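Now for the letters of each chain:
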Amino acid sequence: MRNTFSLITLTVLTLLAASGAQAQDKITFATNWKAQAAHGGFYQAVADGTYKKYGLDVTIQQGGPSVNNRPLLPAGRIDFLMTGNLLHSFDNVKNGVPTVVVAAMFQKDPQALIAHPGQGYEKFDTLKSAPLALIAKDGQFSWWQWLKVTHGFKDEALKPYNYNLGPFLANKKAIQQGYSVAEPIYVENQGKFKPVVHLLADHGFSTYSTVIEARTDTVKNKPDLVQRFVDASALGWVNYLYGDRKAASALMIKDNPEMSEAEMEASVALMKSQGIVDSGEALKGGIGAMSAPRIKDFYEQMVKAGLYKAGEVDLSKVASFQFVNKGVGLDLKAKLGGK
């Protein structure tokens, strides 16, 4: 009887252990725009099972022009948020919003100025002489202020950019804002020419981009969960850039039918050639790497640009570095032939 009882007990415990091993933490991760190649690493980690291997059942909730996912993070409606650059994170700290950056998936912000070829805009410094600069309102009140203070751009050339390429295509002397891994593709498709592209990041705009934010209580109380999500996301990006990304593309097209595989492949090529994801600190620290000195440098630039006052943002609260700079994915990158 005792042996039978022991056998039953052992069997039950084994089943419970197996059940626990298979349990997945359900995570909702929200992006700031519709699915596109710039989100590819996250979709890759879903498609190829990387999140699952790390014990995560991840749902990606895409953003869009009429969707604002930002308030959902502090409200506890989502677990992680992909946001643009550090300006959003500075604002959160300034306003007492309890969120923190846990990884920076892009070493360079893809924000760029684009121009027609053959119009004298091949050098960045010549852009400030353009008679027309098509810049959206949010850009006018953020990085355009930096361009004025740092590079001498003038408000006289400004006109609102309404995310319609028509005015730019019709005026060869115009310049306009663009996401360096998207708008150049659209310009080439619609205008039948390759535009001149100048990344702001190559001229001192030192913010990280595509940062992952978490709630401060999640970082404090569930650091293992955060670590698993950050590590799996980094591996997703390595696989997306250097591995087979067809399944990830299919998931993104399902979420955003406006995209095509050809457009996403062109975008990946631009991300690689421009060093958007895998450059800078990521070369040694792994994708997602970030540092306090660089965050401080960007903040000081924004103070000079008039976006913030000195000392009004506690930089110690902007990011938590405990989850990055560990070289995650470097071995996989080498195995896949990434350079």
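## Quick look at the packing of aromatic side chains
Line of reasoning, step 1. Counted by the stated rule, this structure contains 16 aromatic pairs.
Line of reasoning, step 2. A centroid spacing of 6.0 Å and a plane angle of 50° characterise the contact between F124 and F153, whose relative ring orientation is tilted. Note that F124 is positioned in the loop between β5 (111-115) and β6 (132-134) and F153 in the loop between α6 (143-151) and β7 (158-159), a separation of 29 residues in sequence.
Line of reasoning, step 3. A relative accessible area of 4% means that F153 is categorised as buried.
Line of reasoning, step 4. For the ring pair W237 and Y240, a centre distance of 5.8 Å and an interplane angle of 90° mean the geometry is edge-to-face. Residue W237 and its partner Y240 are located together in helix α10 (residues 223-242), separated by three residues, close to a single helical turn.
Line of reasoning, step 5. With a relative accessible area of 0%, W237 lands in the buried category.
Line of reasoning, step 6. Judged by its relative accessible area of 0%, Y240 is buried.

## Structural notes on helix α14 (residues 292-304)
For an α-helix, 3.6 residues make a turn, and residues three or four places apart therefore share a direction.
Line of reasoning, step 1. Here α14 is 13 residues long and its end C-alpha atoms lie 19 Å apart, about the 18 Å a rise of 1.5 Å per residue gives.
Line of reasoning, step 2. Regarding α14, the residues found buried are R294, I295, F298, Y299, Q301 and M302. One side of α14 carries all its buried residues, which in axial view fall inside an arc of 155°. Pointing more than 90 degrees away from the buried face of α14 are the exposed residues P293 and K304.
Line of reasoning, step 3. Check the buried side of α14 and you find it contacts α4 (86-94) and α6.
Line of reasoning, step 4. One or two positions beyond α14, positive phi appears at G306, with a value near 90°.

## What about the pairing of strand β2 (residues 56-61)?
The two faces of the sheet receive side chains in turn, since in a regular strand these alternate between them.
Line of reasoning, step 1. Of the two faces of β2, only one is covered, namely that formed by L56, V58 and I60; the face formed by D57, T59 and Q61 stays uncovered.
Line of reasoning, step 2. With six bridges connecting them, strand β1 (residues 25-30) and β2 associate as parallel partners. Looking at the pairing, A30 lines up with Q61 of β2.

## Description of the packing of helix α2 (residues 40-47) against α10
Line of reasoning, step 1. Running from N to C, α2 and α10 point in directions that differ by 100°, and their axes come no closer than 7 Å. Relative to α10, α2 is oriented roughly perpendicular. Across the interface between the two elements, G40, G41, F42, Q44 and A45 from α2 touch A232, S233, G236, W237, N239 and Y240 from α10.
Line of reasoning, step 2. Here the contact of α2 with α10 is built from residues that sort into five nonpolar, six polar and no charged.

## Comments concerning empty space enclosed by the protein
Line of reasoning, step 1. Tallied over the entire structure, the rule returns three cavities of 30 Å³ or more.
Line of reasoning, step 2. In this structure, the largest cavity is lined by Q36, A37, A38, V181, A182, I185, Y186, M259, E263 and S267.
Line of reasoning, step 3. When the residues that make up the lining of the largest cavity are grouped by side-chain class, the tally is seven nonpolar, two polar and one charged.
Line of reasoning, step 4. Every residue along the wall of the second largest cavity is listed here: V230, D231, A234, G285, G286, I287, F323, V324, N325, K326, G327 and V328.
Line of reasoning, step 5. In terms of residues, the lining of the second largest cavity owes the most to one element, α10, which gives three residues.

## Here's the deal with the sheet that holds β2
Strand pairing in a sheet relies on backbone hydrogen bonds, with the paired strands running either antiparallel or parallel.
Line of reasoning, step 1. Strand order across the open sheet formed by five strands is β2-β1-β3-β10-β4, with mixed pairing between neighbours. The open sheet has two edge strands with one neighbour each: β2 and β4 (99-106). Averaged over neighbouring strand pairs, the angle between their axes works out to 30° when direction is ignored.
Line of reasoning, step 2. With five bridges joining them, strand β3 (residues 80-85) and strand β10 (residues 209-215) adopt antiparallel strand pairing. Within the sheet, the bridge partner assigned to N85 lies in β10 and is S209.
Line of reasoning, step 3. Contacts from α10 reach β1, β2, β3, β4 and β10 within the one sheet, and its direction differs from that of β4 by about 15°.

About the cut-offs
- Residues numbered from 1 in each chain as written.
- Predicted model: local features only at pLDDT ≥ 70, side-chain atom pairs only at ≥ 80, totals over all residues.
- Heavy atoms only, no water.
- Phe/Tyr/Trp six-rings, centres within 6.5 Å; stacked < 30°, edge-to-face > 60°.
- Helix = DSSP H or I, 4+ residues; strand = E, 2+ residues; numbered from the N terminus.
- Buried < 20%, exposed > 50% of the residue type's maximum accessible area, 1.4 Å probe, protein only.
- Expected span 1.5 Å × (residues − 1).
- Arc of directions from axis to C-beta.
- Contact = heavy atoms within 4.5 Å.
- Pairing = 2+ DSSP bridges.
- Axes fitted to C-alpha atoms, helices over the stretch in contact; angles between N-to-C directions.
- Parallel < 35°, antiparallel > 145°, perpendicular 65-115°, else oblique.
- Nonpolar A, V, L, I, M, F, W, Y, C, P; charged D, E, K, R; others polar.
- 1 Å grid on protein atoms, 1.4 Å probe; cavity = no way out; pocket = protein on both sides within 12 Å on 5 of 7 lines; lining within 4 Å.
- Points joined across faces, edges and corners; volume = space filled by probe spheres on them.

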